[in-house]
Amino acid sequence: MPMVGNATFQLLSRVGIRTIGTLSEIPVEVLQQMIGKNGVDLWKKANGIDETPVMPYSERKSISKERTFNSDTTDIRVVKSLISGMAEQLAYQLRCEKWLTSTVVVKIRYSNFDTETKQCRVTYTSADHTLTRIALELFDKIYTRRMRLRLVGLRFTDLVHGSYQMNLFEDNTQLINLYQAMDAIKMRYGSDAVGRAVGFNFST
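Quantities reported herein were computed from a predicted structural model and do not represent experimental measurements.

Peer 1: When you look at helix α4 (residues 37-46) in this model, what are you seeing that I'm missing?
Peer 2: Because each turn of an α-helix spans 3.6 residues, side chains separated by three or four positions in sequence point in the same direction. Within the sequence span of α4, burial applies to G39, L42 and A46. The buried residues of α4 occupy an angular sector of 60° when the element is viewed end-on, so they sit on one face. Next to the buried residues of α4 lie α1 (6-14), α2 (20-25) and α3 (28-35).

This is how it looks when you write it as structure tokens:
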């Protein structure tokens, strides 16, 4: 029972209290005199009283990453590399938590703080190569003003529980084995232990 350590157990045992049932029958005033404030809490627990607010269960709806640049940038090579890295990290998170996503959302913020987003529906997946490709295509469509960028973000939403299934038209056994090997290395040494070169972060 929480809050009953060895010292409290020995104290209760000396007066014949060795079960929760017996503890629940002891007047709360007696426990308070014996143990102090914790005596009241013990009595409540023994009687099934818990005033902690009940928080309704809510499943995860989305996962995301954002990056605000130290200096506003127009270096598209850097931005796309960052998006690729985000896609790989988020896809790995999906696979670890047994999620699949069906919506990819790219967000950008210009140097004047104008913010735009664009999204695309996809077949449920957690594959890096698919999600990275979609994310980069969305960026090409949304970045039209050729102004400096202050922030870029990526979100996968509309999640469902599931594991990645091979796409017979795009995937092959070697690709699936590669995912499994990379995920095993990340799980053992950390999520940054291995990754695709295109997703390496460049300083900005």
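Let us keep going from here.
Peer 1: Whenever I open this one, the packing of α1 against α3 confuses me. Can you help?
Peer 2: What describes two packed helices is the angle between their axes and the distance between those same axes. With their axes 12 Å apart at the nearest point, α1 and α3 run at an angle of 125° to one another. Relative to α3, the element α1 lies oblique. Relative to α3, the crossing made by α1 is right-handed. On the side of α1, the interface is formed by T8, L11 and L12, while α3 contributes L31, M34 and I35. Tallied by class, residues from the contact of α1 with α3 come to five nonpolar, one polar and no charged.

Peer 1: Teacher, can you tell me more about the packing of α3 against α4 here?
Peer 2: Two elements in contact, α3 and α4, have axes separated by 6 Å at closest approach and are oriented at 140°. By the angle between their axes, α3 is oblique relative to α4. Two packed elements cross with a definite hand, and for α3 against α4 that hand is right-handed. Counted together, V28, L31, Q32 and I35 of α3 and K37, N38, G39, V40, L42 and W43 of α4 form the full contact between these two elements. Of the residues in the contact of α3 with α4, the class split is six nonpolar, three polar and one charged.

Peer 1: Is there a simple way to think about the pattern of salt bridges in this case?
Peer 2: The final tally for this structure, using the stated rule, is eight salt bridges. Put simply, E66 and K107 hold a salt bridge, and the shortest N to O gap is 2.8 Å. Here K107 lies in strand β2 (residues 99-110) and E66 lies in strand β1 (residues 62-73), a separation of 41 residues in the sequence. The partner of D114 in a salt bridge is R145, with the nearest N and O atoms 3.0 Å apart. In this pair, D114 is assigned in the loop between β2 and β3 (115-125) and R145 in the loop between α6 (128-142) and β4 (149-157), connecting sequence segments 31 residues apart. With relative accessibility at 33%, the residue D114 sits in the partly exposed group. Linked through salt bridges whose partners overlap, the residues forming this network are D114, E116 and R145.

Peer 1: How do you make sense of the pairing of β4 when you look at a structure like this?
Peer 2: On any regular strand, side chains alternate: one points to one face of the sheet, the next to the other face. In terms of residue burial, β4 counts as a mostly covered element, since seven of its nine residues are buried. In this structure, β1 lies alongside β4, joined through eight bridges in antiparallel fashion. For I63, the partnering residue across the bridge sits in β4 and is F156. Two strands pair when backbone bridges link them, and β2 and β4 are joined in this way by eight bridges, in the antiparallel orientation.

Peer 1: How should the environment of L23 be read in this particular structure?
Peer 2: Along the polypeptide, L23 turns up in helix α2. Given the relative accessible area of 3%, L23 is considered buried. Sequence-wise, L23 and K44 are 21 residues apart; in three dimensions their C-alpha atoms are separated by 9.9 Å.

Peer 1: Which parts of the structure should I look at to understand the pairing of β2?
Peer 2: Buried residues dominate β2, accounting for ten of its twelve residues. One ladder, built from two bridges, connects β2 with strand β5 (residues 160-161); its direction is antiparallel. Within the sheet, the bridge partner assigned to L100 lies in β5 and is V160. The sheet contact formed by β2 and β3 spans eight bridges and is antiparallel. Each residue of the ladder has a partner; that of V105, found in β3, is Q119. Counting the residues in the hairpin turn of β2 and β3 gives four residues, including F113, whose phi is positive at 75°.

Conventions and cut-offs
Residues numbered from 1 in each chain as written. Predicted model: local features only at pLDDT ≥ 70, side-chain atom pairs only at ≥ 80, totals over all residues. Heavy atoms only, no water. Buried < 20%, exposed > 50% of the residue type's maximum accessible area, 1.4 Å probe, protein only. Helix = DSSP H or I, 4+ residues; strand = E, 2+ residues; numbered from the N terminus. Arc of directions from axis to C-beta. Contact = heavy atoms within 4.5 Å. Axes fitted to C-alpha atoms, helices over the stretch in contact; angles between N-to-C directions. Parallel < 35°, antiparallel > 145°, perpendicular 65-115°, else oblique. Left-handed = near helix turned anticlockwise from the far one by under 90°. Nonpolar A, V, L, I, M, F, W, Y, C, P; charged D, E, K, R; others polar. Salt bridge = Lys/Arg side-chain N within 4 Å of Asp/Glu carboxyl O. Pairing = 2+ DSSP bridges.

All we've got here are geometric facts, nothing functional implied.
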